[in-house]
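Residues per chain are reported as follows:
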Amino acid sequence: QVQLVESGGGLVQAGGSLRLSCAASGRTFSTYAVGWFRQAPGNEREFVAAISWGRGNSYYPDSVKGRFTISRDTAKNTVYLQMNSLKPEDTAVYYCAADSSIYMAARPVKIWGQGTQVTVSA
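Residues numbered from 1 in each chain as written. Predicted model: local features only at pLDDT ≥ 70, side-chain atom pairs only at ≥ 80, totals over all residues. Heavy atoms only, no water.

Trainee: I'd like a description of the sheet that holds strand 3 (residues 18-26), backed by residues and values.
Mentor: Spatial strand order, 1-3-8-7: four strands in an open sheet with antiparallel pairing. Edge strands, defined here as strands with exactly one partner in the open sheet, are strand 1 (2-7) and strand 7 (68-73). Here the strands of the sheet are splayed against their neighbours by 20 degrees on average, with no regard to which way each runs. Note that strand 7 and strand 8 (residues 78-83) share six bridges and pair antiparallel. Following the sheet pairing, Phe68 is matched in strand 8 by Met83. (Pairing = 2+ DSSP bridges. Helix = DSSP H or I, 4+ residues; strand = E, 2+ residues; numbered from the N terminus. Axes fitted to C-alpha atoms, helices over the stretch in contact; angles between N-to-C directions.)

Trainee: Account for empty space enclosed by the protein, naming residues and giving values.
Mentor: Across all of its chains, the model carries one cavity of 30 Å³ or more by this definition. If you add up the space inside the largest cavity, you get close to 50 Å³. Around the largest cavity, the lining residues are Val2, Leu4, Ala24, Thr28, Thr31, Val34, Trp53 and Ala98. Counted by class, the lining of the largest cavity contains six nonpolar, two polar and no charged residues. (1 Å grid on protein atoms, 1.4 Å probe; cavity = no way out; pocket = protein on both sides within 12 Å on 5 of 7 lines; lining within 4 Å. Points joined across faces, edges and corners; volume = space filled by probe spheres on them. Nonpolar A, V, L, I, M, F, W, Y, C, P; charged D, E, K, R; others polar.)

Trainee: An account of the pairing of strand 4 (residues 33-39) is requested, with residue identities and associated values reported.
Mentor: Counting buried positions along strand 4 gives six out of seven residues, so the element sits mostly inside the fold. Judged from the six bridges that link them, strand 4 and strand 5 (residues 46-52) form a sheet pairing that is antiparallel. Across the sheet, Trp36 pairs through a bridge with Ala49, a residue of strand 5. In this structure, the hairpin formed by strand 4 and strand 5 is closed by a connection of six residues, where Gly42 is found at a positive phi of approximately 85 degrees. (Buried < 20%, exposed > 50% of the residue type's maximum accessible area, 1.4 Å probe, protein only.)

Trainee: Describe the nonpolar core, and please don't skip the residues or the numbers.
Mentor: With 28 residues, the main nonpolar core has Trp36, Leu81, Met83 and Tyr94 as its most contacted residues. Going through the elements one at a time, strand 1, strand 3, strand 4, strand 5, strand 7, strand 8, strand 9 (92-99) and strand 11 (116-121) are the ones with two or more residues in this core. (Core = buried A, V, L, I, M, F, W, Y, C linked by side-chain atoms within 4.5 Å.)

Trainee: Could you give me a rundown of the state of the cysteines, with the residues and numbers involved?
Mentor: Counted by the stated rule, this structure contains one disulfide. The residue that forms a disulfide with Cys22 is Cys96, at a sulfur-sulfur distance of 1.9 Å. Handedness of the Cys22-Cys96 disulfide follows from its S-S torsion of about -80 degrees: it is left-handed. Here Cys22, found in strand 3, pairs with Cys96, found in strand 9; they are 74 residues apart in sequence, far enough to count as distant. Summarising the burial analysis for this pair, Cys22 and Cys96 share the class buried. (Disulfide = S-S within 2.5 Å.)

Structure follows, in structure tokens:
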């Protein structure tokens with residue numbers, strides 16, 4: 001089973017950029033895809049992006065497509081989420097997740113990181 005640790009969150013102004021990191025350890029060979037979710041207070045977790053570990057195929061919802069980019073560094077066992085043109089509605093706790101498919105938005109994801117706070121001020 002893979003363990004995930006997020007970092008890189010912080011406070012930025014609207015229009016700014018931030019890069020999140022997700023470091024994986026443990027049984028990384030069993031991980032097919034890694035993705036990001038976010039959750040704001042009072043809301044359910046929302047899918048943000050996912051990438052397949054082997055091929056590097058990526059998947060995004062329309063809400064972030066064109067602004068966010070997910071990438072991976074296989075040598076470092078790390079997945080990144082580059083967030084540009086940030087909006088106040090992007091404010092949330094961002095969680096890294098591991099799953100068997102990049103289409104994890106419709107799956108019961110069971111492996112999560114601890115989360116990192118992203119706050120975007122107006």
